[in-house]
Amino acid sequence: MVRIPGGTFRMGSDGHYPEEAPVHHVTVDGFWIDRTPVTNHQFREFVRATGHVTVAEITPNPKDYPGALPHLLHAGSLVFSPPDYPVDLRHFSQWWMFKPRVNWRHPYGPGSSIKGLDDHPVVHVAYADATAYARWAGKDLPTEAEWEFASRGGLDGSEFAWGDEFTPGGRQMANTWQGAFPFQNSAQDGFERTSPVKAFPPNGYGLYDMIGNVWEWTSDFYAPRHPAEAVKACCIPENPRGGAEDQSYAPCEPGTRIPRRVLKGGSHLCAPNYCRRYRPAARHPQPVDTSTSHVGFRCIIRERKIL
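Residues numbered from 1 in each chain as written. Predicted model: local features only at pLDDT ≥ 70, side-chain atom pairs only at ≥ 80, totals over all residues. Heavy atoms only, no water.

**Q** Looking at this structure, I do not really get the packing of aromatic side chains. What am I missing?
**A** Remark: the centre distance and the inter-plane angle together describe each pair of aromatic rings, the angle taken between the planes. Tallied over the full model, the rule gives 23 aromatic pairs. With a centroid separation of 5.2 Å and an interplanar angle of 75°, the aromatic rings of Phe 43 and Trp 104 are classed as edge-to-face. Here Trp 104 lies in the loop between β6 (96-100) and α2 (127-136) and Phe 43 lies in helix α1 (residues 40-50), a separation of 61 residues in the sequence. The exposure class assigned to Trp 104 is buried, which follows from its relative accessible area of 2%. One aromatic cluster is present, formed by Phe 43, Phe 46, Trp 104, Tyr 133, Trp 136 and Phe 297 through successive ring pairs. For Arg 193, the ring lying beneath its charged end belongs to Tyr 108, and the centroid distance is 3.9 Å. The ring of Tyr 17 has Arg 277 lying over it, and the distance from NZ or CZ to the ring centre is 3.7 Å. (Phe/Tyr/Trp six-rings, centres within 6.5 Å; stacked < 30°, edge-to-face > 60°. Helix = DSSP H or I, 4+ residues; strand = E, 2+ residues; numbered from the N terminus. Buried < 20%, exposed > 50% of the residue type's maximum accessible area, 1.4 Å probe, protein only. Lys NZ or Arg CZ within 6 Å of the ring centre and 35° of its normal.)

**Q** It is not clear to me how the pattern of salt bridges should be interpreted in this structure. Could you clarify?
**A** Two side chains of opposite charge can pair, provided their charged atoms sit close to one another. In this structure the tally under the stated criterion is 16 salt bridges. Residue Asp 34 pairs with Lys 139 through a salt bridge whose shortest N-O separation is 2.8 Å. Note that Asp 34 is positioned in the loop between β4 (31-33) and α1 and Lys 139 in the loop between α2 and α3 (144-152), a separation of 105 residues in sequence. One exposure class covers both Asp 34 and Lys 139, and it is buried. Its salt-bridge partner being Glu 216, residue Arg 298 comes within 2.8 Å of it at the nearest N-O pair. Linking Arg 298 in the loop between β10 (295-296) and β11 (300-302) with Glu 216 in strand β7 (residues 215-221), this pair joins segments that are 82 residues apart in sequence. What makes Arg 298 buried here is its relative accessible area of 0%. (Salt bridge = Lys/Arg side-chain N within 4 Å of Asp/Glu carboxyl O.)

**Q** For this particular structure, what's the right way to read the nonpolar core?
**A** As a rule of thumb, soluble globular proteins bury nonpolar side chains together. The biggest cluster of nonpolar side chains holds 28 residues, and the ones touching the most others in it are Phe 43, Val 122, Tyr 133, Leu 141, Trp 217 and Phe 297. Of all the elements in the fold, those that place two or more residues in this core are α1, α2 and β7. For this core, the element with the highest residue contribution is α2, accounting for 5 residues. Here Leu 141 is in contact with Tyr 127, Ala 130, Thr 131, Ala 134, Trp 217, Ser 219, Phe 297, Arg 298, Cys 299, Ile 300 and Arg 302, once residues within four sequence places are set aside. Core analysis: the second largest hydrophobic core is formed by 16 residues, Val 2, Tyr 205, Leu 207 and Met 210 among them. (Core = buried A, V, L, I, M, F, W, Y, C linked by side-chain atoms within 4.5 Å. Contact = heavy atoms within 4.5 Å.)

**Q** I keep staring at α3 and nothing clicks. Help me out?
**A** The periodicity of an α-helix, 3.6 residues per turn, causes residues three or four positions apart to be oriented the same way. Across the 9 residues that make up α3, a large majority, 9, are buried. One or two residues past the end of α3 sits Gly 153, with phi positive at roughly 60°.

**Q** Explain the sheet that holds β10 to me, please; I cannot follow it from the model alone.
**A** By definition, the strands of a sheet pair up through backbone hydrogen bonds, in either a parallel or an antiparallel sense. The sheet built from 4 strands is open, its strands ordered β9-β8-β7-β10 with mixed pairing. At either end of the open sheet lies a strand with only one pairing partner, and these are β9 (283-287) and β10. As paired elements, β7 and β10 share 2 bridges and run parallel to each other. Bridge pairing in β10 places Trp 215 opposite Val 295. On top of the sheet, α3 reaches β7, β8 (260-264) and β9; it is set at about 140° to β7, its chief contact. (Pairing = 2+ DSSP bridges. Axes fitted to C-alpha atoms, helices over the stretch in contact; angles between N-to-C directions.)

**Q** Looking at this structure, I do not really get the sheet that holds strand β1 (residues 2-4). What am I missing?
**A** Read from one edge to the other, the open sheet built from 3 strands follows the order β1-β4-β11, with strand pairing classed as antiparallel. Of all strands in the sheet, those with a lone pairing partner are β1 and β11, marking the two edges. Going across the sheet, the axis of each strand differs from the next one's by a mean of 25°, ignoring polarity. As judged from the 3 bridges shared by β1 and β4, these two strands associate in the antiparallel manner. Residue pairing in the sheet places Val 2 in a bridge with Ile 33 of β4. Strands β1, β4 and β11 of the sheet are contacted by α3, whose axis makes an angle of about 70° with β4.

**Q** It is not clear to me how α2 should be interpreted in this structure. Could you clarify?
**A** Summarising burial for α2: 7 of the 10 residues are buried, a large majority. If you check which residues of α2 are buried, you get Tyr 127, Asp 129, Ala 130, Thr 131, Ala 132, Tyr 133 and Ala 134. Among the structural elements, α1, β7 and β8 are those in contact with the buried residues of α2. Of the residues flanking the end of α2, it is Gly 138, one or two places downstream, whose phi is positive at about 75°.

**Q** For this particular structure, what's the right way to read unusual backbone geometry?
**A** Across the chain, the bulk of peptide bonds are trans and the bulk of non-glycine residues have phi less than zero. In this structure, the amide linkage connecting Ala 21 to the following residue, Pro 22, adopts the cis form with an omega of -5°. Relative to the helices and strands, Pro 22 is located in the loop between β2 (7-11) and β3 (24-28). That bond from Phe 181 to Pro 182 is cis: its omega, 0°, falls within 30 degrees of zero. Note that Pro 182 resides in the loop between α3 and β7. Positive phi values are uncommon outside glycine, yet His 124 reaches one of about 60°. Looking at the element boundaries, His 124 is found in the loop between β6 and α2. Residue classification places His 124 among the buried residues on the basis of a relative accessible area of 0%.

These results come straight from atomic positions and should not be treated as a statement about function.
Put into structure tokens, the structure is as follows:
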């Protein structure tokens, strides 16, 4: 792990997606954070020690999903399945597919495995799986503020975790998508899917993969906007904990009440023509019961307990 000293920084962005605004000052205490996302090797050790069964390996209870199509009520997870032609980018069903019997051991289908991928981030982990691992390891999941502060690597206000230029000198700094998403991936960074967790340079704090590779769970409930900037310096929020659970439900799905937590960091599927979320300020809501082939996590240890 790496110790992050804590401090006050400008959280969010006013120049990209509306959910990242407004920029506002936030203070976080010092904490320790995993140098990399949790890997398949680390997660395997956890499962061996505890017998943990992930959400993707459990058949959903129909009572929890009224009106759900029966063929979707199977143990499984969402897998990125790229088309080979341009599609309407407003409909993510064109490239995401729910596949039965997909889980962290079989990340792309029943016939796939993680052999040779020990140093890749574990994927197909829902929020409960990430928190179970954290408890077992004697750690916690970071808040959104803690995660973003660590991701910036000491560069307060910079566009990316390494500065203001996406590919300085033409160098790929993170595992993201090159080409026209979702059908054309030139893989200029060397990877079409996940990559080893130390394949790209660390940020200023020595942390790897804070941008790209896989999205990472945080402990905060999702809110559609950040709070306004404090009127006075004395009122800057300290160790904020995000929104309220009842405000995190998806407004387009009024019949369901599945809380959503904040994901940070973007993934190998973030592309300039679709998802410019390969930045510390970027954020995304994720239902706590949903796992995918591009979501993982890392853990922290706080120096002071926050309520």
